[in-house]
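# Structural description and commentary
Residues per chain are reported as follows:
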Amino acid sequence: MNIHLCKGDETLDEALKYINEHDKENKKYTFDKEKDRCYIGDNAFSSAPVLINYKNTYYALHEVE
């Protein structure tokens, strides 16, 4: 699992773009800002390949198939 910490005024869309451009395995990810919000300890948090931490809120990303 990788965690991307948003920096300064970085938006969720900018974070996703950065993750997709810099993935070491050239994988691409997506997420739904409402449905994929998750919390430490829940299933989405523990099973996500990549998480975004945006203002202390976590979002679980899914690999694009």
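As shown above, the structure is provided for reference.
Before going into details, it helps to say that this report is about the structure given with it. The structure presented is a predicted model; accordingly, all values stated were derived computationally and were not measured.

### Digging into the pairing of strand E5 (residues 57-63)
Along E5, 5 of the 7 residues are buried, which leaves the element largely enclosed by surrounding structure. The pairing of strand E2 (residues 29-30) with E5 spans 2 bridges and is classified as antiparallel. Across the sheet, the residue bridging to Tyr29 is Glu63, located in E5. One ladder, built from 5 bridges, connects strand E4 (residues 50-54) with E5; its direction is antiparallel. Looking at E5, one finds that Val50 is bridged to Leu61.

### Details of the packing of aromatic side chains
The final tally for this structure, using the stated rule, is 2 aromatic pairs. When the ring of Phe31 is compared with that of Tyr59, the centres are 5.7 Å apart and the planes differ by 55 degrees; the resulting orientation is tilted. You can see Phe31 sitting in the loop between E2 and strand E3 (37-38) and its partner Tyr59 sitting in strand E5, a full 28 residues away along the chain. Comparing Phe31 with Tyr59, the two get one shared label, buried. Centre to centre, the rings of Phe45 and Tyr58 are 5.1 Å apart; their planes meet at 85 degrees, and the pair counts as edge-to-face.

The rules behind the values
Residues numbered from 1 in each chain as written. Predicted model: local features only at pLDDT ≥ 70, side-chain atom pairs only at ≥ 80, totals over all residues. Heavy atoms only, no water. Buried < 20%, exposed > 50% of the residue type's maximum accessible area, 1.4 Å probe, protein only. Helix = DSSP H or I, 4+ residues; strand = E, 2+ residues; numbered from the N terminus. Pairing = 2+ DSSP bridges. Phe/Tyr/Trp six-rings, centres within 6.5 Å; stacked < 30°, edge-to-face > 60°.

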